[in-house]
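Summary of structural features
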Amino acid sequence: MEVLYSSTRGNGARVKASEAILKGLADDGGLFVPDRIPVLDRSLKELSEMSYQEVAYEVMKLFLTDFTEEELKNCIKRAYDEKFDTEVIAPLVEAKGAYYLELFHGATIAFKDMALSILPHLMITSARKNQIQNEIVILTATSGDTGKAALAGFAGVEGTRIIVFYPKNGVSPIQEKQMVTQKGDNTFVVGIHGNFDDAQTGVKNIFSDKELAKEMEEKGFQFSSANSINIGRLVPQIVYYVYAYAKLLKEEKVADGEVINVVVPTGNFGNILAAFYAKNMGVPVGKLICASNDNKVLYDFFATGTYDRNREFMLTTSPSMDILISSNLERLIYRIAGNDAQKNAQLMSSLSGQGKYEITAEMKEQLNDFYGNYASEAETAQTIQKLYEDCGYVIDTHTAVAACVYDKYVKETGDHAKTVIASTASPFKFTRSVMDAIDHKYDAMGDFELVDELSKIANVTVPNAIEEIRSADIVHDNVCEVGEMKQIVKDFLKI
Ligand SMILES: *Cc1c(COP(=O)(O)O)cnc(C)c1O
């Protein structure tokens with residue numbers, strides 16, 4: 001049965017999956033949502049015998065219903081290949097009673113690769129299906145990881161260009177080096193004087209600039225998005241939750257139908273929303289545990305029903321979660337408002353006007369699937385150190401936020417259901433913070449010395465993604481003010 005997509009702020013007009021992927025954001029500024037969440041048409045038992053690529057097909061075919069089997073399988077084949085350093089794509093590692101779902105085995109060693117290695121293929125397939133002649137310009141705001149993963153995905157892809165904006169002082173040294181060394185004539189990287197929310201708002205404004213869109217069209221360009229507001233990012237992220245359950249079942253870690261909990265270190269709410277979709281597709285998930293760092297706007301939201309971004313923006317050691325406007329939450333708000341676009345649009349306009357909104361008691365009741373908590377900087381560091389000392393397993397700062405919140409959840413509720421923790425980045429991407437958490441003696445070492453030391457103590461070879469940037473030349477050194485973003489885009493496109 002066909003699944004169509006409509007805007008969370010729209011008039012009910014519906015588009016096909018390929019059109020939603022091409023547009024990224026709806027014209028009214030809303031996000032595309034499926035008109036229903038399809039239910040898996042394979043049993044968990046059947047799925048447990050499948051490879052990652054096969055599970056990906058079984059999940060994605062249900063959402064991207066206007067793609068042919070051949071088109072979709074072709075996209076999957078090109079995405080999940082040797083770019084990943086393990087055949088299983090997303091391994092599960094058991095440590096101290098929890099299952100860490102390692103989502104960082106792709107080209108840029110963060111979970112963004114899970115979706116961004118396939119998005120370019122979905123995008124060019126969508127363009128072909130819709131007879132688009134324009135060159136597609138991917139405009140992306142990044143808190144550090146999306147940028148590099150999108151650059152790696154789109155570099156050299158014919159018919160596309162990609163522009164990435166990142167907060168100049170808000171990403172890790174390795175994240176920045178990964179981005180500014182990106183090769184490819186169709187890539188462009190710019191640091192902005194501002195934080196992630198500024199970058200994201202700037203990009204959203206450029207998207208909804210009608211005049212600019214007209215100029216672009218005349219010159220043969222059109223924008224799309226590689227951010228998790230694009231449904232083509234969200235759908236591939238559902239896959240690994242289905243896959244994780246299937247693997248637990250295959251390895252007899254859970255009985256068929258046994259309910260598990262899922263913990264997700266959260267920023268823009270994309271990854272955890274994918275887990276929520278997986279649950280609604282029929283994966284036996286109990287609680288969705290939403291873990292925040294000191295930017296705990298989501299924790300406060302789940303506790304009080306008020307979303308309030310009027311607070312100080314904190315720079316933390318988990319920069320990919322330094323976000324006060326969690327874009328994908330809008331998809332959940334729309335749903336708990338009874339798929340009422342008007343009601344949702346009101347709340348979102350209050351968010352952009354007053355910086356906050358409050359949901360009704362009736363809406364709040366529907367959030368029972370979720371549990372929110374947060375980890376302070378000290379707690380995050382302690383979690384890394386303790387896990388390393390107890391079992392030798394080294395996790396990154398984002399994953400540590402999740403592990404810490406998971407401990408709090410168990411203490412608070414006594415719920416010992418089997419639990420999958422989304423491990424969203426390799427510790428090699430945040431080496432300094434990770435090593436500093438393990439022992440302050442490492443503070444004096446240089447970035448790459450630390451990389452080698454981490455490799456030694458964790459007994460893990462240095463990932464390719466890090467080896468590549470050791471000596472790579474810096475090819476992007478653009479910095480701009482938030483107000484200059486539009487002009488920079490025009491300059492790059494020469495329009
Ligand atoms: C992007 C990112 C997150 C946050 O994911 P969202 O989908 O934005 O909630 C967490 N950890 C890492 C390492 C990331 O790159």
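1. Re the overall build of the chain
The number of helices and strands found in the chain is 22 helices and 16 strands. Whereas a compact globule of 495 residues would reach a radius of gyration of roughly 23 Å, the chain reaches 21 Å, a difference of no more than 12%. Across its three principal axes, the chain shows a C-alpha extent of roughly 60 × 50 × 45 Å. A sequence separation of at least 24 residues applies to 75% of the contacts in the chain between residues at least 6 apart. Total accessible area on the chain is roughly 19,100 Å²; 46% of this is exposed by carbon and sulfur atoms. Taking the 51 positively charged and 70 negatively charged side chains of the chain as two groups, their mean positions are separated by 3 Å.

2. Re the site of the ligand
The ligand sits among 15 residues. The nearest are K112, D145, G267, N268 and T424. Side-chain polar atom of K112 to an oxygen atom of the ligand: 2.6 Å apart, as the coordinates give it. Burial of the ligand by the protein chains amounts to 98% of its free accessible area of 380 Å².

3. What about the packing of aromatic side chains?
Under the counting rule described, the total for this entry stands at 19 aromatic pairs. Summarising the aromatic geometry, the rings of F269 and F302 are spaced 6.4 Å apart at their centres and angled 35° between planes, so their arrangement reads as tilted. Of the two residues, F269 is situated in the loop between β10 (260-265) and α12 (270-281) and F302 in helix α13 (residues 297-304); the sequence distance between them amounts to 33 residues. Each member of the pair F269 and F302 is classed as buried. Between F301 and Y357 the ring centres are 6.4 Å apart and the planes differ by 70°, which places this aromatic pair in the edge-to-face class. Residue F301 is found in helix α13, and its partner Y357 is found in strand β13 (residues 356-358); the two are separated by 56 residues along the sequence. The pair formed by F301 and Y357 is uniform in burial state, with each residue classed as buried. Joined through ring pairs, the aromatic side chains of F63, F269, F276, Y277, F301, F302, Y307, Y357 and F370 make up one cluster. The lysine or arginine in question, R161, covers the ring of F492, its NZ or CZ lying 5.8 Å from the ring centre. A cation sits over an aromatic face here: K408 above Y374, 5.2 Å from the ring centre.

4. Regarding the pattern of salt bridges
Summed over all chains, the structure comprises 28 salt bridges. A salt bridge links E49 to K250; the nearest nitrogen and oxygen atoms lie 3.3 Å apart. In this pair, E49 is assigned in the loop between α2 (44-48) and α3 (52-63) and K250 in helix α11 (residues 231-250), connecting sequence segments 201 residues apart. When its relative accessible area of 43% is taken as the criterion, K250 is described as partly exposed.

5. Focus: the nonpolar core
Formed by 114 residues in total, the largest nonpolar core has its most connected members in Y5, L64, F269, I333 and Y357. It is α11 that contributes the most residues to this core, 14 residues altogether. Not counting the four nearest positions on each side in its chain, Y357 is found in contact with F301, G305, T306, Y307, L329, I333, L347, M348, S350 and L351. Judged by nonpolar contacts, the second largest core, of 43 residues, contains I174, A403, V410 and F430.

6. A word on the side chain of D66
Of note, D66 is situated in the loop between α3 and α4 (69-79). The buried charged residue D66 lacks any salt bridge partner; its closest oppositely charged side chain belongs to K129, at an N-O distance of 5.0 Å. When residues no more than four places from it in sequence are discounted, the contact partners of D66 are K16, A17, S18, E71 and K129.

7. Re the packing of α11 against α12
At a minimum axis separation of 8 Å, α11 and α12 run at an interaxial angle of 60°. Every pair of crossing elements has a handedness; the one defined by α11 and α12 is right-handed. Across the interface between the two elements, L234, Q237, I238, Y240, Y241 and V242 of α11 pack against G270, N271, L273, A274, A275, Y277, A278 and M281 of α12. Each residue belonging to the contact of α11 with α12 can be placed in one class, and the counts come to eleven nonpolar, three polar and no charged.

8. So, the sheet that holds strand β7 (residues 160-167)
An order of β9-β6-β7-β8-β16 is seen for the five strands of this open sheet, with the pairing classed as parallel. Lying at the two open borders of the sheet, with one neighbouring strand each, are β9 (221-225) and β16 (478-481). For this sheet, the mean angle separating the axes of adjacent strands, direction not counted, is 30°. Where strand β6 (residues 135-141) meets β9, five bridges bridge the pair, whose relative direction is parallel. Counted as the bridge partner of I138 is S224 from β9. Running at roughly 150° to β7, helix α22 (residues 485-493) makes contact with β6, β7, β8 (187-193), β9 and β16 of the sheet.

Parameters at a glance
Residues numbered from 1 in each chain as written. Predicted model: local features only at pLDDT ≥ 70, side-chain atom pairs only at ≥ 80, totals over all residues. Heavy atoms only, no water. Helix = DSSP H or I, 4+ residues; strand = E, 2+ residues; numbered from the N terminus. Rg over C-alpha atoms; globule rule 2.2 N^0.38 Å. Contact = heavy atoms within 4.5 Å. Areas by Shrake-Rupley, 256 points an atom, 1.4 Å probe, with all protein chains shown as cover. Lys, Arg positive; Asp, Glu negative; His and termini not counted. Charge placed at Lys NZ, Arg CZ, Asp CG, Glu CD. Near = heavy atom within 4 Å. Polar contact = N/O pair within 3.5 Å; in protein donor to acceptor, adjacent residues only side chain to side chain. Phe/Tyr/Trp six-rings, centres within 6.5 Å; stacked < 30°, edge-to-face > 60°. Buried < 20%, exposed > 50% of the residue type's maximum accessible area, 1.4 Å probe, protein only. Lys NZ or Arg CZ within 6 Å of the ring centre and 35° of its normal. Salt bridge = Lys/Arg side-chain N within 4 Å of Asp/Glu carboxyl O. Core = buried A, V, L, I, M, F, W, Y, C linked by side-chain atoms within 4.5 Å. Axes fitted to C-alpha atoms, helices over the stretch in contact; angles between N-to-C directions. Left-handed = near helix turned anticlockwise from the far one by under 90°. Nonpolar A, V, L, I, M, F, W, Y, C, P; charged D, E, K, R; others polar. Pairing = 2+ DSSP bridges.

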